[in-house]
Amino acid sequence: MSQYEAYYPLWEKLNIDAAKLEGALGAAQKRHADLFLTQADRPKAMGYFDDLWGNLQTGRIAELDKLKSEGKPLVGTFCIFVPEESVTAAGGACYGLCSGSPASIPEAEKELPRNICPLIKSAHGFKLLRVCGYTQSSDFIYGETTCEAKKKTWEILAKHHPVHVMHIPQKKDEKSMRLWREEVEEFQEHIEEVVGRKLSFEEHKKGVEIINAKRKALRRLDALRGMHGDIMPISGLDSLLVMQLSFIDEPVRFTEALNTLCDELEERINAQKSVFEKGTTRLMILGTPFAAPNWKLHKIVESSGGAIVNEESCIGHRYFKDDVNLEGVTTNEELTARMMERYKNIDCACFTPNEARIEKIVKMHKERQTDGVIYYTLSFCHTYNVESHLVAEAMKKEGIPFLAIESDYSPEDAGQIKTRVEAFIESIRLKRGA
């Protein structure tokens, strides 16, 4: 008897290929256990997030199905520009889609070119294979125009699943912001069409408050893990898992669990308890997002004598650094304007110019007293790859050790990356000891 037998009816209802999903879940659970559960002295509160990982395609999908039966919107996304506050205001769920595994890429390459971003191909392959409960559950997928490969993929994905494209301007001038606001308002109207009524100001405000609270808790984790010198109470690998799950879990419950974890981390800091030895090389990761289960780089760094204390990424600081300012807001129109102020501050590499991102990286390096930065880009992510040149110049000017790594989801280059990371860490140590 399969341990997932109770979920067969739900999977059948969602048109999920149960046999393929069971095989994928077995591999995912083993990899999680091998990477995470073997770490020494993990915080006890990580148990919640381990359990959540184990129930992503079962219990959490059942929760989403219940919301759908109540007429609540389920929105799948690939990007932090999609305003989750509006979905939360409607009582629905806005979540990231399966997109971090190499296993689904061969299927995607039957329709998509080989030489585009693995994140896009992975997600597309999951849809074709019918093994992602989040894709199968969603009323629609909200794509956006942050890169050329995505823009054209939405046209192909739309053959298989409802897709709505949100245009994200590539500049932040007044004209572009007017266009962007129209896109956000259209998104809100789409959500209201699903629920069949207009959402009140109180509902919209509550949605913003819920997501603000989640981002505040993530900022708390960010400070605790990276701003206490040699006392690092949690690994970068565990922190990455928490951030990845923040895009999937029910936000109120997630925030509560994360604050419980942060309470434990504060206790560890007060007791001078660190999961890394004193003098461990402190590194910050820059660049493209880490969709679960893309844990390769973090595992390599933290098994090579380094500690990752921050991610300047969409799954990281770029996502949670700003809240929507609610002070003095009394109408939906004012609230939407405040949301736009917040989303405008996201410094994605799709924007030109994008000096704010470089200024932020330098500031974060100084705040966290990191010893160096690793600029990570997914293969064929031209947007971040091109911008890496500007970041490298800025790091050189500031005297910040810099390593650029381009990779995909395959484990094949892990040995080569480990060699480069070890050499980078050794060069930092030699410089520091000079």
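Everything here concerns the structure above.
Residues numbered from 1 in each chain as written. Predicted model: local features only at pLDDT ≥ 70, side-chain atom pairs only at ≥ 80, totals over all residues. Heavy atoms only, no water.

Chemist: In this structure, what is going on with the overall build of the chain? I would like to understand it.
Modeler: Scanning the chain from N- to C-terminus turns up 19 helices and eight strands. What you see for the chain is a C-alpha radius of gyration of 21 Å, in line with the 22 Å of a compact globule of 434 residues. The principal-axis extents of the C-alpha atoms in the chain amount to approximately 65 × 60 × 45 Å. Per-residue burial over the chain gives 56% buried out of 434 residues. Sequence separation of at least 24 residues holds for 76% of the intrachain contacts in the chain that already meet a minimum separation of 6. About 18,100 Å² of surface is accessible on the chain, with carbon and sulfur atoms providing 52% of the total. (Helix = DSSP H or I, 4+ residues; strand = E, 2+ residues; numbered from the N terminus. Rg over C-alpha atoms; globule rule 2.2 N^0.38 Å. Buried < 20%, exposed > 50% of the residue type's maximum accessible area, 1.4 Å probe, protein only. Contact = heavy atoms within 4.5 Å. Areas by Shrake-Rupley, 256 points an atom, 1.4 Å probe, with all protein chains shown as cover.)

Chemist: Is there a simple way to think about the pattern of salt bridges in this case?
Modeler: Two side chains with opposite charge may pair up if their charged atoms get near one another. Per the stated rule, a full pass over the model turns up 43 salt bridges. Taking the shortest distance from any N to any O, the salt bridge between Glu84 and Lys214 comes out at 3.1 Å. Within this pair, whereas Glu84 is found in helix H5 (residues 84-89), its partner Lys214 is found in helix H11 (residues 201-226), the two being separated by 130 residues in sequence. Given the relative accessible area of 2%, Lys214 is considered buried. Among the salt bridges present, the one from Arg357 reaches Glu312, with a minimum N-O distance of 2.9 Å. Here Arg357, found in helix H17 (residues 355-368), pairs with Glu312, found in strand S6 (residues 306-312); they are 45 residues apart in sequence, far enough to count as distant. Of the two residues, Arg357 and Glu312, neither departs from the other in class, the shared state being buried. (Salt bridge = Lys/Arg side-chain N within 4 Å of Asp/Glu carboxyl O.)

Chemist: For this particular structure, what's the right way to read the side chain of His161?
Modeler: Mapped onto the elements, His161 comes out in the loop between helix H9 (148-157) and strand S4 (163-166). Judged by its relative accessible area of 6%, His161 is buried. Within polar-contact distance, the side chain of His161 engages the side chain of Lys127 at 3.2 Å. Dropping the residues within four chain positions of it, His161 is found in contact with Lys127, Thr135, Gln136, Ser138, Phe140 and Ile141. (Polar contact = N/O pair within 3.5 Å; in protein donor to acceptor, adjacent residues only side chain to side chain.)

Chemist: Quick question: what am I supposed to make of the side chain of Arg318 here?
Modeler: Within the element layout of this structure, Arg318 appears in helix H15 (residues 317-320). Classification of Arg318 as buried rests on a relative accessible area of 0%. A distance of 2.7 Å separates polar atoms of two side chains, one belonging to Arg318 and the other to Glu312. Engagement of the side chain of Arg318 in a polar contact is seen with the side chain of Tyr384, the distance being 2.9 Å. Those residues in contact with Arg318, other than ones at most four positions away along the chain, are Ile80, Gly287, Glu312, Ser313, Ile346, Asp347, Cys348, Arg357, Lys360 and Tyr384.

Chemist: Is there a simple way to explain the packing of aromatic side chains in this structure?
Modeler: Given two aromatic rings, their pairing is described by the distance between the two centres and the angle made by the two planes. If you walk through the whole model with that rule in mind, you get 16 aromatic pairs. One aromatic cluster is present, built from ring pairs that chain together Tyr4, Tyr8 and Trp11. Sitting above the plane of the Phe351 ring, Lys172 keeps its charged end 4.4 Å from the centroid. Sitting over the face of the ring of Tyr343, Arg342 holds its NZ or CZ atom 4.7 Å from the ring centroid. (Phe/Tyr/Trp six-rings, centres within 6.5 Å; stacked < 30°, edge-to-face > 60°. Lys NZ or Arg CZ within 6 Å of the ring centre and 35° of its normal.)

Chemist: Can you walk me through a negative patch on the surface in this structure?
Modeler: On the surface, Glu182, Glu186, Glu189 and Glu193 cluster together to form a negatively charged patch. Among the structural elements, Glu182 can be located in helix H10 (residues 174-195). (Patch = residues over 30% accessible without salt bridge, like charges linked within 9 Å, V, L, I, M, F, W, Y side chains within 5 Å. Lys, Arg positive; Asp, Glu negative; His and termini not counted. Charge placed at Lys NZ, Arg CZ, Asp CG, Glu CD.)

Chemist: For this particular structure, what's the right way to read the nonpolar core?
Modeler: Grouped burial of nonpolar side chains is what soluble globular proteins tend to show. Ranked by size, the top nonpolar core spans 128 residues in total, and within it Phe81, Tyr134 and Leu258 carry the most contacts. With sequence-adjacent residues up to four places away left out, Leu258 is seen in contact with Phe49, Ala217, Leu218, Leu221 and Val242. Membership of the second largest hydrophobic core comes to seven residues, among which are Phe201, Val324, Val329 and Leu335. (Core = buried A, V, L, I, M, F, W, Y, C linked by side-chain atoms within 4.5 Å.)

Chemist: Explanation requested: the state of the cysteines in the structure shown.
Modeler: Cysteine pairs can be covalently joined through their sulfur atoms, and such a bond is termed a disulfide. All chains considered together, the criterion is met by one disulfide. Disulfide pairing places Cys98 opposite Cys132 at an S-S distance of 2.2 Å. Measuring handedness by torsion sign, the sulfur bridge of Cys98 and Cys132 sits at about 75° and is right-handed. Of this pair, Cys98 sits in the loop between strand S2 (93-96) and helix H6 (105-108) while Cys132 sits in the loop between helix H7 (118-129) and helix H8 (133-137); the two residues are 34 residues apart in sequence, bridging distant segments of the chain. The pair Cys98 / Cys132 is uniform in exposure class, with both members buried. (Disulfide = S-S within 2.5 Å.)

Chemist: In this structure, what is going on with the sheet that holds strand S5 (residues 281-287)? I would like to understand it.
Modeler: Within a sheet, each strand pairs with its neighbour through backbone hydrogen bonds, oriented either parallel or antiparallel. Read across the open sheet, the four strands follow the order S6-S5-S7-S8; overall the sheet is parallel. At either margin of the open sheet sits one strand with a lone partner, and together these are S6 and strand S8 (402-407). This sheet shows a mean twist of 30° between the axes of neighbouring strands, independent of strand direction. Examined bridge by bridge, S5 and strand S7 (residues 372-378) share five bridges and lie parallel to one another. Paired with Ile285 across the strands is Ile374, a residue of S7. Contacts from helix H18 (residues 382-398) reach S5, S7 and S8, with the element oriented near 170° to S7. Of the strands in this sheet, S5, S6, S7 and S8 touch helix H19 (residues 414-433), which is tilted by about 175° from S8. (Pairing = 2+ DSSP bridges. Axes fitted to C-alpha atoms, helices over the stretch in contact; angles between N-to-C directions.)

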